[in-house]
Every structure is written in C-alpha cells, then in structure tokens.
Amino acid sequence: MTYAITQTCCSDATCVSVCPVNCIHPTPEEPDFGRTEMLYIDPKSCIDCGACADACPVEAVFPVDSLPAAQAQYGPVNAEYFAGREPSQDPAGPNFHAWGEPTFERSLSSDFAPLRVAVVGTGPAGMYAAEDLLLHTSAEVTLIDRLPVAGGLIRYGVAPDHLSTKKAGDTFARFHTHPRVRMHLGLEVGRDITPEELAAHHDAVIYAVGAPAGRQLGIPGEDLPGSICATTFVSWYNAHPEVAPDAVDVSAERVVVVGNGNVALDAARILVSDPEALAKGDIAHHALEALRAGSVREVVLLGRRGPEDAAYTASELLALKHLEGVELVVDDHDPRTGAAIDAAAPGDRAALLRDVAREAVDWSHPPAAGRRIVFRFHSAPSEAVGEGAVGAVRVTDGADGPGSTSGREIPAGLLLRAVGQRGLPLTGLPFDEASGTVPHESGRVAGRPGTYVVGWIKRGPSGGIGANRTCAAETVGTLLDDAVGGALPAPEHGAKAFQRLARRRNRRLVDARGLAEIERVELALGRRDGRPRVKLATVPELVAAAKGGRRRIPG
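Here is a short report on the structure shown in this document. Computed from a predicted model, the values in this text were never measured in an experiment.

This brings us to the overall build of the chain. The helix and strand tally for the chain stands at 19 helices and 23 strands. Computed over C-alpha atoms, the radius of gyration of the chain comes to 24 Å, within 12% of the 24 Å expected from 2.2 N^0.38 for 555 residues, which places it in the range of a compact globule. Counting only C-alpha atoms, the chain reaches 70 × 65 × 50 Å along its principal axes. Evaluated residue by residue, the chain yields a buried proportion of 53% over its 555 residues. Long-range contacts, defined as pairs at least 24 residues apart, comprise 74% of the intrachain contacts of the chain with a sequence gap of at least 6. Accessible surface, the chain: about 24,100 Å² in total, of which carbon and sulfur atoms supply 52%. In the chain, the 56 positive side-chain charges and the 70 negative ones have mean positions that sit 8 Å from each other.

Right, let's get into the sheet that holds strand β10 (residues 227-229). Overall, parallel pairing links the seven strands, which are arranged β10-β19-β11-β12-β15-β13-β14 in an open sheet. Single-partner strands in this sheet number two, and they are β10 and β14 (357-359). Taking the axes of each pair of neighbouring strands and ignoring which way they run, one obtains an average angle of 25° across the sheet. Across four bridges, strand β11 (residues 254-258) lies against strand β19 (residues 414-417) in parallel orientation.

Moving on, we get to the pairing of strand β8 (residues 204-207). Regular strands place side chains that alternate from one sheet face to the opposite one. Both faces of β8 are covered, namely the face carrying Ala 204 and Ile 206 and the face carrying Val 205 and Tyr 207. The sheet contact formed by strand β5 (residues 116-120) and β8 spans four bridges and is parallel. Following the sheet pairing, Val 119 is matched in β8 by Ile 206.

Here the focus is unusual backbone geometry. For the bond from His 25 to Pro 26, the omega torsion is -5°, close enough to zero to count as cis. Along the chain, Pro 26 turns up in the loop between β2 (24-25) and β3 (40-41). Phi is positive for Asn 22, which is not a glycine, with a value near 55°. One can find Asn 22 in the loop between α1 (14-18) and β2.

What follows deals with the state of the cysteines. Tallied over the full model, the rule gives zero disulfides. We note that Cys 9 lacks a disulfide partner, and the nearest cysteine sulfur, in Cys 10, lies 6.0 Å from it. Residue Cys 9 is classed as buried on the basis of its relative accessible area of 17%.

Rules behind the numbers
Residues numbered from 1 in each chain as written. Predicted model: local features only at pLDDT ≥ 70, side-chain atom pairs only at ≥ 80, totals over all residues. Heavy atoms only, no water. Helix = DSSP H or I, 4+ residues; strand = E, 2+ residues; numbered from the N terminus. Rg over C-alpha atoms; globule rule 2.2 N^0.38 Å. Buried < 20%, exposed > 50% of the residue type's maximum accessible area, 1.4 Å probe, protein only. Contact = heavy atoms within 4.5 Å. Areas by Shrake-Rupley, 256 points an atom, 1.4 Å probe, with all protein chains shown as cover. Lys, Arg positive; Asp, Glu negative; His and termini not counted. Charge placed at Lys NZ, Arg CZ, Asp CG, Glu CD. Pairing = 2+ DSSP bridges. Axes fitted to C-alpha atoms, helices over the stretch in contact; angles between N-to-C directions. Disulfide = S-S within 2.5 Å.

The following block contains the structure:
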C-alpha cells in the first residue's frame with residue numbers, strides 16, 4: 001500500500017522533511033518546487049510508513065487503497081508526475097531518490113542577542129515568518145492585525161467547504177500563546193500607530209499584509225450595481241467584518257464569472273452547491289441564508305484564452321466534477337475549444353474536460369432546470385449592460401478581437417470579476433503601482449533599514465498557503481543577516497512601552513486570551529446550530545466575544 005497526496009495539498013513541504021526515503025517531490029531544493037500545483041508521492045519508492053500523513057497540516061495525504069471515490073483519481077495523478085522521471089538508485093544506500101548534501105544556510109553565534117520583531121498580518125505569510133523566528137531564534141515577536149481576529153487568508157480567503165485546508169490555521173494557532181509572543185489584534189498601522197512608531201519599539205518590522213484589492217476589467221458598466229469583485233464575494237461568504245451581509249444579491253438565475261482561476265471556480269462552486277452541503281462548513285450565516293433563498297441555477301465562467309491555458313489547478317476542476325447535482329458543460333461556440341480538449345495529452349489541464357458535455361449554448365433562453373456550470377473559453381467581457389443594475393454581460397465570440405463591442409449578450413443578474421488581486425500602498429513604505437508590491441531585495445524594503453515584507457505584498461498574488469513558507473524563510477534569513485551584520489537600527493523604546501502605546505491608541509484591542517474567547521464562542525454557536533463553527537461577522541461582535549469572558553450563548 002502506498003500513499004497519495006490529494007486536493008487539499010498546501011505545498012508547504014512539511015511532508016518532505018519527515019519522509020525517510022525522499023519519495024515526495026518536488027522538494028524545496030528542486031527547480032519545480034513552487035511551480036507544480038501540488039506535491040506528489042512516488043508510488044515505487046513509498047514504504048507505507050505514514051509519516052507524511054501524520055505531518056500534513058491540511059489532511060491531504062491518504063493511503064491510495066482507501067481514497068474515497070471523489071479522490072480516487074489522485075492515485076494515478078501522483079504516479080503520473082513520476083512518469084518519465086525514473087529515479088536512479090542511490091549507490092550509497094537503498095533509497096531510490098538520493099539525498100542531497102546537508103546545507104546550513106544560517107549560522108547564529110551562541111551569544112546572538114534576542115531580537116524584538118513585529119509581524120504585521122496574521123495570515124499564512126506572517127505566521128510562517130513568526131514560526132521561523134520562534135523556532136530558530138530567541139526572538140520576541142509582536143503579532144499585529146488590523147482585524148480583531150487572527151487568520152488572514154485562512155479565515156477569510158479559503159472556501160468554507162474546504163475545512164481540511166483551514167486546518168493549516170491550527171498549526172499557526174499554537175504560536176498565538178507562545179511565551180515570546182505578544183498579540184495586538186484590531187491595531188491598524190497607519191491609523192492607530194505610525195510605521196515610525198512601530199519601528200521605534202522593535203529591532204525589525206515584517207509586513208505581511210497580502211493583496212486585498214481586486215483588479216478591474218476596464219469595461220463600460222463595470223461599476224453598475226450587481227457587478228462586484230470576487231474578493232468581495234469571497235469575503236462575504238467568509239463573514240469578513242468589512243463586507244456587509246447584504247453586499248451580494250444572489251436572486252438572479254444566472255451569474256457570469258470573469259476568469260477561470262481557482263477563485264473563479266470557488267465562486268462558481270459556492271453559488272451552485274446545495275446550501276445544506278455548505279452548512280457543513282463554516283460559511284457565514286448571512287451567506288448561507290441568502291443562498292438558501294437565492295435563485296442561482298447557472299454560472300458561466302468566461303476565459304479569455306483556451307482550455308489549455310486555464311488558470312485553475314487540476315484539483316479544483318476535479319472537485320467540480322464530483323459536485324453532487326451539478327452538471328458541467330463546455331460552451332462549444334468556438335471550434336478551437338473542442339480541438340484543444342481532444343488534442344490534449346494525458347495529464348494536461350485541457351484533458352480533464354474530455355468527458356465534459358459540449359453544447360452550443362443558446363443564451364436567449366433562461367437556464368435549464370437543475371444546476372450547472374458552463375465553461376466558455378475564447379471569450380471575454382466587453383460591457384456590463386443594464387438600466388440601473390447589471391442585466392446582461394456582452395461578451396466576445398472567438399473571432400472577435402480584444403476590445404470588440406460585437407459578440408453576444410448573456411443575460412445575467414450578477415457579474416463577478418475574478419481576474420486577480422493586487423496589493424495596496426502602505427503608509428510610509430515605497431510602493432510599485434505596476435506590480436502592486438513593495439520594492440524589496442530578498443524581503444528587505446529598499447531604503448528602510450529594519451523593514452521587511454513577506455507574502456503577496458512581497459511577490460504579488462501568486463502561490464497558495466505553502467508557498468509562503470519558503471517566502472518567509474527568505475525574508476527571515478535576510479533579516480538575520482542584517483542583524484548579524486549590525487544593519488538593524490536599535491529600538492528606542494522597550495516592549496512594555498509598545499504595549500502601553502497600543503492600548504492607549506485603541507482600547508478595543510484583542511490579545512491571545514481574547515482570541516481564545518472568540519474561538520470558544522464561535523464553536524459553541526456552531527454546536528447550537530449543528531455546524532462546525534458559526535463565525536462572528538462584525539467587529540463589535542468579535543470584540544464583545546473577546547471581552548465577554550463567560551459570554552452566554554443564545555439558545
């Protein structure tokens with residue numbers, strides 16, 4: 001019996017570090033690491049020890065012979081990665097994959113003084129940086145987030161029906177109560193305190209603030225009511241306190257989603273899933289009730305290019321194919337689409353659509369009975385049409401060039417723009433408008449000694465949860481090099497002075513104890529409703545739960 005890595009793989013490579021026979025690839029030392037959609041286990045060299053399954057933070061590793069039907073394809077998927085990559089036997093031992101020479105990238109002297117480091121942002125990027133500092137140095141870490149609850153992308157970006165992926169947050173949560181950690185949630189840099197004040201109380205500051213803004217389409221009608229960014233939709237169904245419960249109207253029968261990346265597929269899946277199935281996750285209560293009362297029966301995914309260039313990962317598409325009661329259809333309006341699917345080699349992304357029905361969709365009719373997702377490739381939006389709100393989306397046909405106003409109209413009451421995200425300028429820090437990132441050198445912010453970036457604000461919105469681990473390792477390595485080299489400015493004030501300053505500026509701050517109270521309340525509300533968790537969806541609710549001690553849970 002061998003093991004296989006499945007859909008929820010986060011690629012943080014924890015499994016690689018515990019594998020005794022080096023059968024999980026690509027490893028962080030290999031060129032393909034960070035470029036493949038997931039990690040893979042070689043069935044020929046796996047020894048069935050189960051170490052990878054025990055170490056996996058997102059429950060993505062299972063024995064091949066016990067994979068459920070919806071994930072049975074991952075046995076062949078893992079094996080296919082190694083086709084044509086036959087390893088040679090290590091001449092010095094029994095392993096099929098030779099281990100590389102050990103490397104020691106960091107060397108700190110035994111008398112290296114403890115650093116005081118602030119990490120702004122408690123999503124995966126910030127927490128990987130904090131973890132690195134806490135496990136490998138004697139640093140004291142100040143965790144800061146502008147929201148009164150920790151989690152970042154894991155809490156507010158991962159789809160609510162991907163509970164296994166959210167388990168990565170459990171790995172980070174163990175550091176919230178670390179004896180060398182101080183937590184200040186609800187503290188916003190640039191509003192409550194300045195970057196200069198933050199720097200004056202710490203040896204170094206790491207910004208891990210992500211890329212929260214959605215990109216624009218640049219088409220007429222884009223600002224009509226009923227046209228929203230996918231980031232808003234994701235925040236809405238994840239109970240983000242900065243998105244109102246009535247921010248999304250799902251009363252239309254048809255929705256057009258522009259884009260075909262994983263965010264677009266997540267949005268489509270949530271819109272057409274059985275609400276009772278979604279109730280098994282931690283979807284926002286207001287979103288669940290809206291979807292129960294909603295009318296969406298068809299989601300159209302627009303892709304500017306063909307299926308061979310689709311941005312979604314194979315695992316996300318495979319998840320759609322196992323969505324109960326939902327039909328997948330490929331709009332056969334352009335002959336290039338079918339040709340690309342038929343010509344695709346095994347393992348190519350387009351080949352995954354080979355068993356999906358194709359039809360030339362007549363958009364003049366309302367959606368047929370049932371629920372379905374329609375892939376329309378070689379088509380882009382040219383205009384959102386409607387009197388006072390979106391009523392249709394004019395799209396190009398395959399023969400139309402970019403910017404064409406010809407094509408056809410697809411009647412739809414909701415337009416979701418899922419064409420990427422970008423970072424926002426940070427007060428007092430340089431910013432590259434073209435890339436939406438902070439200029440840096442291996443994480444070191446140009447012209448700002450002691451200031452660093454990690455995650456999407458550093459490299460742009462690419463890579464999933466695990467990609468932040470190697471990103472954080474680079475930034476922390478740069479920080480430690482600067483510390484050893486004497487390049488960090490000495491803080492002007494002590495740790496207690498910063499705690500007093502933060503409390504003086506914002507008296508509603510949440511600490512680790514308050515975060516634990518929020519967790520307790522949400523889990524209790526979940527038990528009351530027969531769900532894993534019911535998220536508190538507003539800042540006042542979160543702060544009240546944190547401060548409420550033995551807050552009574554409504555009956």
